[in-house]
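Working through the structure, step by step
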Amino acid sequence: MNFVFISPHFPHTYWQFCQRLKQNGVRVLGIADTHYDLLQSELKEALTEYYRVGSLENYDEVYRGVAYFASRYGRIDWIESNNEYWLAQDARLRTDFNVRTGIQSDHIRSIKEKSEMKKYYQAGGIPTARQTLASWGLDAVRAFAVEVGYPIIAKPDVGVGASGTYKISSDTELEDFFSREPHAEGYVVEEFITGEICSYDAVIDLQGEPLFESMTVWPPSIMDIVNLRLDLSYYVDKTLPEPLRQLGRRTVKAFGVTGRFVHLEFFRLDIERPGLGHVGDFVALEVNMRPAGGYTPDMINYAHSTDVYKIWADMVAFGENRTPEGKPYYCAFASRRDIYRYRHSHNEVRARYSGEMMMCERMPELFSAAMGQQMYTVRLSTMDEVKEFINFVHEKQQ
């Protein structure tokens, strides 16, 4: 089996996908724009061959890389990056090389554009926030605000995370948005829903069935964390609530997902929303057809005493999961920002949680706006311990 892995060096933990593929007997062929000497040694060992391009943004260069591998090793069976940024290019390469194990170009809008996602949610009978398009103009969006009530949320139709997102609380702020945002026509506008964000993280096989499922609980507003420079914490739960399991599976079916690691986001309502649900019900936010970002796959491993990199590679190589799970835990992440002074020093955190600490690292600059500069990840047995850990890390000096 020939697997072309696009950008296998980023995020830097992705060498594990490549290594597990190799362990399963798959030939892994890498394409990226980084000099070979700068690749991690573990990634070098996992790759059969590496093709360097001047820029991954240059489709013709990447196309030539895939063509080179096809001429050298024969038919390409998989093309994948597991990276949100390259989803559309991955799909285009698969279509051009007739690689059927993955999303094709004619289906990419449904997973990249929030406006298109709504259609699939509705077709699957999955509750989701009401939405309109900013391209319909100020008057239309103002009428939408009257219908759903302020505040409303404006965010890029194509985008990841909280970047470029606006919370709009009045007609005046809405007018300011249209006058100041140069790309307003590319935005969607949604009713404002509050509650925890719970993700359904799963590895889906080639028949659209889950091989592994998990839930991660995120703070209510990543936008506020970025804009207000708040401390971040989140955790992987030791269990998956049955209502979220069923909604996650229905969403997978509605979008026709096969052969992928997915990260599907839902609100867990904190107040009753007529037409959407009661307190504690799950409401769809958006789909992400790739693993959760940052170190979340590693956290899922720690929480479920398993190896999701291997589970994914098992799906690719064998069409099934051959990797067991062990004892369940909570795995909690808490990070700090260099601009604040905390009550407990870095060394105090390390000492107190030395037996539970799974990761302790400086965050890459690319992630620091949302995730801070210093992270701590621990594995714990109870929710009370999770709360205590987060408070200990985040408590500020008076």
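In short, a report on the structure.

1. With respect to the sheet that holds strand 16 (residues 374-380)
- If you trace the eight strands from one edge of the open sheet to the other, you get 13-12-9-10-11-14-16-15, paired in antiparallel fashion. Either end of the sheet is taken by a strand with one partner, and the two such strands are strand 13 (282-288) and strand 15 (357-362). With strand direction ignored, the average angle separating the axes of adjacent strands in the sheet is 20°.
- Packing of helix 12 (residues 308-318) onto the sheet brings it into contact with strand 9 (195-204), strand 10 (210-218) and strand 12 (260-269), and relative to strand 9 it is tilted by some 45°.

2. What to know about the pairing of strand 6 (residues 152-156)
- Counting buried residues in strand 6 gives five out of five residues, a clear majority hidden from the surface.
- What you see with strand 6 is no split at all: Ile152, Ala154 and Pro156 on one side and Ile153 and Lys155 on the other are buried throughout.
- Relative to strand 8 (residues 187-191), strand 6 runs antiparallel, the two sharing five bridges. Each bridged residue has a counterpart across the sheet, and for lysine 155 the counterpart in strand 8 is valine 188.

3. Things to note about empty space enclosed by the protein
- Here the structure, examined in full by the defined rule, presents three cavities of 30 Å³ or more.
- Its boundaries defined by the atoms lining it, the largest cavity holds a volume of some 50 Å³.
- For the largest cavity, the lining is made up of eleven residues, of which Glu84, Ile111, Lys112, Met117 and Gly159 are closest to its centre.
- Secondary structure elements with two or more residues in the lining of the largest cavity: helix 5 (109-112), helix 6 (114-123) and strand 13.
- At three residues, the largest contribution of residues to the lining of the largest cavity is made by strand 13.

4. Let's talk about the sheet that holds strand 3 (residues 49-52)
- Taken in spatial order, the four strands make up an open sheet running 3-2-1-4, and their pairing is parallel. Here the strands that pair on one side only, and so sit at the sheet edges, are strand 3 and strand 4 (78-80). For this sheet the average axis-to-axis angle between neighbouring strands, irrespective of direction, equals 20°.
- Here three bridges tie strand 1 (residues 2-6) to strand 4, and the two strands are oriented parallel to one another. Directly across from valine 4, in strand 4, lies its bridge partner isoleucine 79.
- Sitting on the sheet, helix 1 (residues 15-23) touches strand 1 and strand 2 (27-32), and the angle it makes with strand 1 is about 175°.

5. Some remarks on the packing of aromatic side chains
- One pass over the full model with this rule turns up 30 aromatic pairs.
- With 4.7 Å between their ring centres and 90° between their planes, tyrosine 85 and tryptophan 86 make a pair best called edge-to-face.
- When its relative accessible area of 52% is taken as the criterion, tyrosine 85 is described as exposed.
- Residue tryptophan 86 is classed as buried on the basis of its relative accessible area of 10%.

6. Remarks on the pattern of salt bridges
- For the structure on display, the rule yields 26 salt bridges.
- One salt bridge connects glutamate 116 with lysine 119, and the closest N-O pair in it is separated by 2.8 Å. Residue glutamate 116 and its partner lysine 119 are located together in helix 6, separated by three residues, close to a single helical turn.
- Assessed through its relative accessible area of 12%, glutamate 116 is described here as buried.
- Here aspartate 231 and lysine 396 are joined by a salt bridge, their closest N and O atoms 2.5 Å apart.

7. Here we look at the environment of glutamate 185
- Along the chain, glutamate 185 falls in the loop between helix 8 (171-180) and strand 8.
- For the pair glutamate 185 and histidine 35, spaced 150 residues apart in sequence, the C-alpha separation works out to 39 Å.

8. Observations concerning helix 11 (residues 296-304)
- Across the nine residues of helix 11, eight count as buried, placing the element largely inside the fold.
- Along helix 11, the residues classified as buried are Thr296, Pro297, Asp298, Met299, Ile300, Asn301, Ala303 and His304.

9. So, the environment of valine 62
- Among the secondary structure elements, valine 62 is positioned in helix 3 (residues 59-73).
- By relative accessible area, valine 62 is classed as buried at 0%.
- With 56 residues separating them along the chain, valine 62 and isoleucine 6 place their C-alpha atoms 8.8 Å apart.
- Beyond its immediate sequence surroundings of up to four residues, valine 62 is in contact with Ile6, Ile31, Val53, Ser55, Leu56, Gln89 and Leu93.

10. Some remarks on the layout of surface pockets
- Approximately 240 Å³ is the volume attributed to the second largest pocket.
- Within the residue set of the lining of the second largest pocket, elements represented by two or more residues are helix 6 and strand 5 (131-133).
- Among the elements that make up the lining of the second largest pocket, the one with the highest residue count is helix 6 (five residues).
- Taken together, the residues that form the lining of the second largest pocket break down as five nonpolar, six polar and five charged.

Rules used throughout
Residues numbered from 1 in each chain as written. Predicted model: local features only at pLDDT ≥ 70, side-chain atom pairs only at ≥ 80, totals over all residues. Heavy atoms only, no water. Pairing = 2+ DSSP bridges. Helix = DSSP H or I, 4+ residues; strand = E, 2+ residues; numbered from the N terminus. Axes fitted to C-alpha atoms, helices over the stretch in contact; angles between N-to-C directions. Contact = heavy atoms within 4.5 Å. Buried < 20%, exposed > 50% of the residue type's maximum accessible area, 1.4 Å probe, protein only. 1 Å grid on protein atoms, 1.4 Å probe; cavity = no way out; pocket = protein on both sides within 12 Å on 5 of 7 lines; lining within 4 Å. Points joined across faces, edges and corners; volume = space filled by probe spheres on them. Phe/Tyr/Trp six-rings, centres within 6.5 Å; stacked < 30°, edge-to-face > 60°. Salt bridge = Lys/Arg side-chain N within 4 Å of Asp/Glu carboxyl O. Nonpolar A, V, L, I, M, F, W, Y, C, P; charged D, E, K, R; others polar.

Read these as geometric descriptors, not functional statements.
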